[in-house]
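Descriptive analysis of the structure
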Amino acid sequence: MSDALYEPQSHPRMTPAVQWLIAANVGVYFLQVTLLGSDGVFNALGLAPDRFPAEWWTVATYMFVHAGLWHIAFNMLSLWMFGPRIEHLWGAKSFTYFYLWCGLGGGVAHLLFEHNVGLVGASAAIMGVLLAYALRWPDEEVYLFGVIPMKTRWLVVWLVLINLAMGMSANRTSTGIGWFAHLGGLAFGWIYLRVSAFGGLDNFRRWVSPVPDEPEDAFRAVPRIRPRTRERSDRAEGIDEVVAKSNAAIATPVRPAAFPRAASDSNQTSAERLNLVLDKISKHGI
């Protein structure tokens, strides 16, 4: 992986959901190689098309069973590499739902296209996690087979093509790999992410149905509101006109009005008395 993936500031090395998923897979494998044996675990938890739907729980439990040490080691290493960063972004609950959903998609695809072989392993769920990582960080660089540098977006494209080609080949069952299960995990992961992009199932349903389910009375009531709106608009215009006239009156400079004759005579008498007082002061002093 690139150095950016392991920066401590970007995301924790291990997150709770990834830790529990790895612990569950390792715990089942430990029981498989010690107490119960591979055949017993495969019969109890592995997905067998000829025993489905009688053993309906196996469509979920198969993803916690692995065929061997290298099988579980590669899957858990991939989960540890790609899972924590997505869980840190989504949260533990959302990441766990997504992981299980992609694993369920792998089981459904296997039941649809394979009828003679059983299925075990977390590869379908890991494929969904890798798809989510590539869509979120498409330019992150990984090393295919630990040697070939490749961006995550092209890694997912390569995985789709190789799984599709091998799944459609005549000798697909001889390899012991669930090619269609891988494609099912990728397909269910893509569906989950597309629906989440609409903000959940509720928003997706509203987007799919363009016409809301409203009663006809609701549409008939609309014209009744318009006259009231017009009346309120006319009132507002009248009020604005009155306010404008008032403002204009205030802004107009007040011209001096003609005072009554009595007031003019009184002012003149006061001026004459004041002149007399000033003349007396000038002659005799204060």
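What follows is about the overall build of the protein chain. Helix and strand counts for the protein chain come out as 12 helices and 2 strands. Evaluated residue by residue, the protein chain yields a buried proportion of 32% over its 286 residues. Of the roughly 19,200 Å² of accessible surface on the protein chain, 64% is carried by carbon and sulfur atoms.

The next subject is the side chain of Asn 163. With respect to the helices, strands and loops of the structure, Asn 163 is situated in helix H7 (residues 152-168). Polar contacts involving the side chain of Asn 163 include one to the side chain of His 182, which spans 2.8 Å. Excluding residues that lie within four positions of it along the chain, Asn 163 makes contacts with Met 127, Trp 179, His 182 and Leu 183.

Turning next to the packing of helix H6 (residues 123-136) against H7. Between H6 and H7, the shortest axis-to-axis distance is 8 Å and the interhelical angle comes to 145°. Between H6 and H7 the crossing geometry is left-handed. Of the residues in H7, those in contact with Met 127, Leu 130, Leu 131, Tyr 133 and Ala 134 of H6 are Thr 152, Arg 153, Leu 155, Val 156, Leu 159 and Asn 163. Among the residues making up the contact of H6 with H7, the classes are represented as 8 nonpolar, 2 polar and 1 charged.

Between the first and last C-alpha of helix H5 (residues 92-113) there are 32 Å, a value that for 22 residues agrees with the 32 Å anticipated at 1.5 Å per step. When we look at burial in H5, the residues that qualify are Phe 95, Phe 98, Tyr 99, Cys 102, Gly 103, Gly 105, Gly 106, Gly 107, Ala 109, His 110 and Leu 111. Elements that come into contact with the buried residues of H5 comprise helix H1 (16-34), helix H3 (58-61), helix H4 (69-90), H6 and helix H8 (179-197).

What follows concerns the environment of Trp 57. In this structure, Trp 57 sits in the loop between helix H2 (37-45) and H3. Here the alpha-carbon distance between Trp 57 and Gly 46, two residues 11 residues apart in the chain, equals 9.3 Å.

Okay, the environment of Gly 37 next. Structurally, Gly 37 is set in helix H2. Beyond its immediate sequence surroundings of up to four residues, Gly 37 is in contact with Leu 31 and Gln 32.

Note that an α-helix has 3.6 residues per turn; residues three or four places apart therefore point the same way. For H4, built from 22 residues, the straight-helix expectation of 32 Å at 1.5 Å per residue is met to within 8% by its first-to-last C-alpha distance of 30 Å. Of all the bends found along H4, the most pronounced is centred on Gly 83 and spans about 40°, while Pro 84, a proline, follows it within four residues. Along H4, the residues classified as buried are Ile 72, Asn 75, Met 76, Ser 78, Leu 79, Met 81, Phe 82, Gly 83, Pro 84, Arg 85, Ile 86 and Glu 87. Where H4 is buried, its residues meet H1, H5, H6 and strand E1 (141-144).

Here the focus is a nonpolar patch on the surface. Taken together, Trp 101, Leu 104, Val 108, Leu 112, Phe 113, Leu 135, Trp 190 and Ile 191 make up a surface patch of nonpolar side chains, about 730 Å² in accessible area. Secondary structure elements with two or more residues in the nonpolar patch: H5 and H8. Tracing the sequence through the fold places Ile 191 in helix H8.

This brings us to the nonpolar core. Ranked by size, the top nonpolar core spans 47 residues in total, and within it Leu 79, Phe 82, Ile 86, Phe 95, Tyr 99, Val 129 and Leu 155 carry the most contacts. Sorting the residues of this core by element identifies H1, H4, H5, H6, E1, H7 and H8 as the ones contributing at least two each. When residues of this core are assigned to their parent elements, the largest contribution, 10 residues, is made by H6. Apart from the residues lying within four places of it in its own chain, the contact partners of Leu 155 are Leu 130, Val 142, Leu 144 and Met 150.

With that settled, consider the confidence of the model for the protein chain. Chain-level pLDDT for the protein chain is 79 on average; 69% of the residues reach the 70-or-more range. Scored below 50 in pLDDT, residues 213-227 makes 1 contact in the model with residues more than four places away or belonging to other chains. Low confidence marks residues 254-260, where pLDDT is under 50. Its contacts with residues over four positions away, or in another chain, come to 0 contacts.

This paragraph deals with the packing of aromatic side chains. Tallied over the full model, the rule gives 7 aromatic pairs. Note on Phe 98 and Tyr 192: the rings are 5.2 Å apart at their centroids and 65° apart in plane angle, and the pair reads as edge-to-face. On the criterion of sequence distance, the pair formed by Phe 98 in helix H5 and Tyr 192 in helix H8 is long-range, its members being 94 residues apart. Of the residues examined, Phe 98 reaches a relative accessible area of 0% and is grouped as buried. A centroid spacing of 4.9 Å and a plane angle of 50° characterise the contact between Tyr 133 and Trp 137, whose relative ring orientation is tilted. By relative accessible area, which is 14% here, Trp 137 ends up buried. Through a chain of ring-to-ring contacts, three or more aromatic side chains come together here, namely Phe 82, Tyr 133 and Trp 137. It is Arg 85 that lies over the ring of Trp 137; its NZ or CZ is 4.2 Å from the centre.

Rules and cut-offs
- Residues numbered from 1 in each chain as written.
- Predicted model: local features only at pLDDT ≥ 70, side-chain atom pairs only at ≥ 80, totals over all residues.
- Heavy atoms only, no water.
- Helix = DSSP H or I, 4+ residues; strand = E, 2+ residues; numbered from the N terminus.
- Buried < 20%, exposed > 50% of the residue type's maximum accessible area, 1.4 Å probe, protein only.
- Areas by Shrake-Rupley, 256 points an atom, 1.4 Å probe, with all protein chains shown as cover.
- Polar contact = N/O pair within 3.5 Å; in protein donor to acceptor, adjacent residues only side chain to side chain.
- Contact = heavy atoms within 4.5 Å.
- Axes fitted to C-alpha atoms, helices over the stretch in contact; angles between N-to-C directions.
- Left-handed = near helix turned anticlockwise from the far one by under 90°.
- Nonpolar A, V, L, I, M, F, W, Y, C, P; charged D, E, K, R; others polar.
- Expected span 1.5 Å × (residues − 1).
- Bend = angle between axes of the 7 residues up to and from the residue.
- Patch = residues over 30% accessible without salt bridge, like charges linked within 9 Å, V, L, I, M, F, W, Y side chains within 5 Å.
- Salt bridge = Lys/Arg side-chain N within 4 Å of Asp/Glu carboxyl O.
- Core = buried A, V, L, I, M, F, W, Y, C linked by side-chain atoms within 4.5 Å.
- pLDDT = per-residue confidence, 0-100.
- Phe/Tyr/Trp six-rings, centres within 6.5 Å; stacked < 30°, edge-to-face > 60°.
- Lys NZ or Arg CZ within 6 Å of the ring centre and 35° of its normal.

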